[in-house]
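# Examination of the molecular architecture
Residue-level listing of the chains:
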Amino acid sequence: MGHVDHGKTTLLDAIRKTKVAQGEAGGITQHTGAYHVDVEHNGVTQQVVFLDTPGHEAFTAMRARGARVTDIAVLVVAADDGVQPQTIEAIGHARAAGVPLVVAINKIDKEEAQPDRIKQELMEYQLVAEEWGGDTIMVPLSAKTGENLDTLLEMLVLVSDVEELSANPDRPAKGTVIEAHLDKARGPVATLLIQNGTLRVGECLVAGSVFGKVRAMVDDRRNRITDAYPSYAVEVLGMSDVPAAGDEFDVFLSEKEARSIADDRSVNQRQSRLQQAMASRRVTLSSLSAQASEGELKELNLILKADVQGSLEAILGALEQLPQDEVQVRVLLSAPGEITETDIDLAAASNAVIVGFSTTLATGARQAADREGVDIREYNVIYKLLDDIQGAMEGLLEPELVEEDLGQAEVRAVFPSGRGSVAGCYVLNGQLVRNCNIRVLRKDKVVFSGILDSLRRMREDVKEVNTGFECGVGLPNFNSWEEGDIISAFRMVTKRRTLASR
Ligand code: GDP
């Protein structure tokens, strides 16, 4: 990923040329959008598969559909140009996806190249080069001369080692549909990225809700193959229909099972599409509390756009001041400029809310937001913005259960009743309510706590008894009443917590 003209295409071409045997390289067609290269590392040959996602739109679109096809993102920054809007966006996208980022500082062959300036600029986005004490791998290279391309590849293998990205070839294959189309002569053609296991000709699979029986496979070098291993992207013939890009696929050993799963899924899909259409709104600042996800730590994802860098800094500084022990504000992207469709895509893929400060919407952004159900909040006053964010964070907090005092009664007499006993009481203050919580106190010690099971007045069951009235209290699990016991009644209520009161 990276800014336009920073050399993504050239870099991919260069890697392909150096890594793929002559003759074969010419045969590679780019239309698969994915190809693999072999990299020697510590004497072992490993496969790195590149997904050619020139912009980050494709990356984000896949992620919006729940697919995780990218293990490592490579950010290309031209050394003669520096950090640009799309660079910042790409960082945001990689971060939102939670994938490690390796920076390729390109065009170092150029005279104007200043790789150190790029490192400096990237520090503003919390990307600190390893050699400067950080943990981001940055490789200065030239796609044009080929300098340091090997280092980049080695670094990718290294990161995959550290991240323990490994697959098991000895299991049924699974992976993701990279793209698919209908070919007039060959029928549905799907490009599948094998992420685990091995896919073989003749096997049955289900991609999304589409059944398929692999008739033939072609790899990214146009070779017909019978076995596709992890990290290969292959074109597969034999699908019964065209699956959608981003759909996951699994191999099933039984054809019958595969067919029935595909059938079930297509029925479900039809239903859920309907449900989606009905409840199409994603996250809004006000609906966040309802959507507060599981887990101890809750996150509020924000995309921040403002008129100028200065406003951004002020807002970010103020956001940091908000207490974040329970709800964390995650700013996926903060950049000056108008709110664009790319921002909407990122928000939709990451369940984020877009906050605009003294800025406007680019053409098409409003429609995109409506279509995707993305909440855009616009402000001109910082404290109003902060108020709303804080409100949303408080909405995310679990409501607190607190005791609400109902009243006290004194036991004035104890009567036998059946096998147990009933306490004749006088309500001193407040009221007793049937089924409320009670504690029985004797000389300030709690001798019983539980639910007020039976409440009577003049032999009649009643719902409540108020101050100054007498009543009979019976508990199934407690009979050892004594005169002078105090019944303290309360109920549990949920209280919305405010951050300030914590
Ligand atoms: P993309 O938009 O990111 O895919 O960028 P391209 O790969 O199309 O490259 C944009 C321009 O930069 C082209 O004219 C390339 O020839 C040039 N370019 C790419 N990499 C290098 C490099 O390492 N050195 C030099 N000098 N030029 C490069």
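This text goes with the structure placed above it.
What you see is a predicted model, and the numbers here were worked out from it, not measured in a lab.

### Let's talk about the overall build of the protein
- What the protein contains, in helices and strands, is 12 helices and 27 strands.
- Looking at the protein as a whole, 45% of its 502 residues qualify as buried.
- Of the roughly 25200 Å² of accessible surface on the protein, a fraction of 47% belongs to carbon and sulfur atoms.

### Overview of the site of the ligand
- D5, K8, T9, T10 and D109 are the nearest of the 15 residues found near the ligand.
- Within the backbone of H6, a nitrogen or oxygen atom sits 3.4 Å from an oxygen atom of the ligand.
- Take S142: an N or O atom from its side chain is 3.2 Å from an oxygen atom of the ligand.
- Here the ligand loses 72% of its free accessible area of 570 Å² to cover by the protein chains.
- For the shell around the ligand, the leading source of residues is helix α1 (residues 8-19), giving three residues.
- In terms of residue class, the shell around the ligand is made up of two nonpolar, seven polar and six charged.

### Section: the sheet that holds strand β4 (residues 101-106)
- Strand order across the open sheet formed by three strands is β3-β4-β5, with parallel pairing between neighbours. Across the chains shown, the open sheet's two edge strands, defined by having one partner strand only, are β3 (73-78) and β5 (137-140). Recorded for the sheet is a direction-independent mean angle of 20 degrees between the axes of neighbouring strands.
- Here four bridges tie β4 to β5, and the two strands are oriented parallel to one another. Considered in β5, the bridge of I105 is made with P140.
- Lying over the sheet, helix α4 (residues 85-97) contacts β3 and β4, oriented at roughly 165 degrees with respect to β3.
- Across the face of the sheet, helix α5 (residues 115-123) comes into contact with β3, β4 and β5 while running at roughly 145 degrees to β4.

### Remarks on the environment of S358
- Looking at where S358 falls in the secondary structure, it is placed in the loop between β17 (353-357) and α11 (365-372).
- A relative accessible area of 31% places S358 in the partly exposed class.
- Sequence separation between S358 and N380 is 22 residues; the distance between their C-alpha atoms is 5.0 Å.
- Not counting chain neighbours up to four residues away, the residues in contact with S358 comprise D307, Y379 and N380.

### Re helix α6 (residues 149-162)
- For α6, which comprises 14 residues, the first-to-last C-alpha distance of 20 Å matches the rise-based estimate of 20 Å (1.5 Å per residue) to within 8%.
- Taken together, the buried positions of α6 are occupied by L149, L152, L153, L156, V157, V159 and S160. Around the axis of α6, the buried residues are gathered within 160 degrees of arc, so they sit on the same side.
- Looking one or two residues past α6, E164 carries a phi angle of roughly 55 degrees, positive in sign.

### As for the sheet that holds strand β15 (residues 298-306)
- Strand order across the open sheet formed by four strands is β16-β15-β17-β18, with parallel pairing between neighbours. One side of each edge strand has no neighbouring strand; the edge strands of this open sheet are β16 (327-336) and β18 (376-379). Taken pair by pair, the neighbouring strands of this sheet meet at an average axis angle of 25 degrees, ignoring direction.
- The sheet contact formed by β17 and β18 spans four bridges and is parallel. The residue of β18 that forms the bridge with F357 is Y379.
- The sheet strands contacting helix α10 (residues 341-350) are β15, β16, β17 and β18, and the helix crosses β15 at an angle near 180 degrees.

### What to know about the nonpolar core
- One finds L75, L122, I303, I344 and I354 to be the most contacted residues of the largest nonpolar core, which totals 39 residues.
- A per-element tally of this core places α4 first, with six residues.
- Split by domain, the residues of this core number at least three in each of domain 1 (8-162) and domain 3 (295-396).

### What to know about unusual backbone geometry
- The phi dihedral of Q126 is positive, around 60 degrees, even though this residue is not glycine.
- When you line up the elements, Q126 lands in the loop between α5 and β5.
- Its identity as a non-glycine residue notwithstanding, R459 has a phi of 70 degrees, on the positive side.
- By relative accessible area, R459 is classed as exposed at 77%.

### Overview of the packing of aromatic side chains
- Counted according to the given criterion, the structure contains three aromatic pairs.
- A ring pair is formed by F478 and W481, whose centres lie 5.0 Å apart and whose planes are at 85 degrees; its orientation type is edge-to-face. Neither residue differs from the other here; F478 and W481 are each classed as buried.

Reading the values: rules and limits
Residues numbered from 1 in each chain as written. Predicted model: local features only at pLDDT ≥ 70, side-chain atom pairs only at ≥ 80, totals over all residues. Heavy atoms only, no water. Helix = DSSP H or I, 4+ residues; strand = E, 2+ residues; numbered from the N terminus. Buried < 20%, exposed > 50% of the residue type's maximum accessible area, 1.4 Å probe, protein only. Areas by Shrake-Rupley, 256 points an atom, 1.4 Å probe, with all protein chains shown as cover. Near = heavy atom within 4 Å. Polar contact = N/O pair within 3.5 Å; in protein donor to acceptor, adjacent residues only side chain to side chain. Nonpolar A, V, L, I, M, F, W, Y, C, P; charged D, E, K, R; others polar. Pairing = 2+ DSSP bridges. Axes fitted to C-alpha atoms, helices over the stretch in contact; angles between N-to-C directions. Contact = heavy atoms within 4.5 Å. Expected span 1.5 Å × (residues − 1). Arc of directions from axis to C-beta. Core = buried A, V, L, I, M, F, W, Y, C linked by side-chain atoms within 4.5 Å. Domains from an automatic or database assignment. Phe/Tyr/Trp six-rings, centres within 6.5 Å; stacked < 30°, edge-to-face > 60°.

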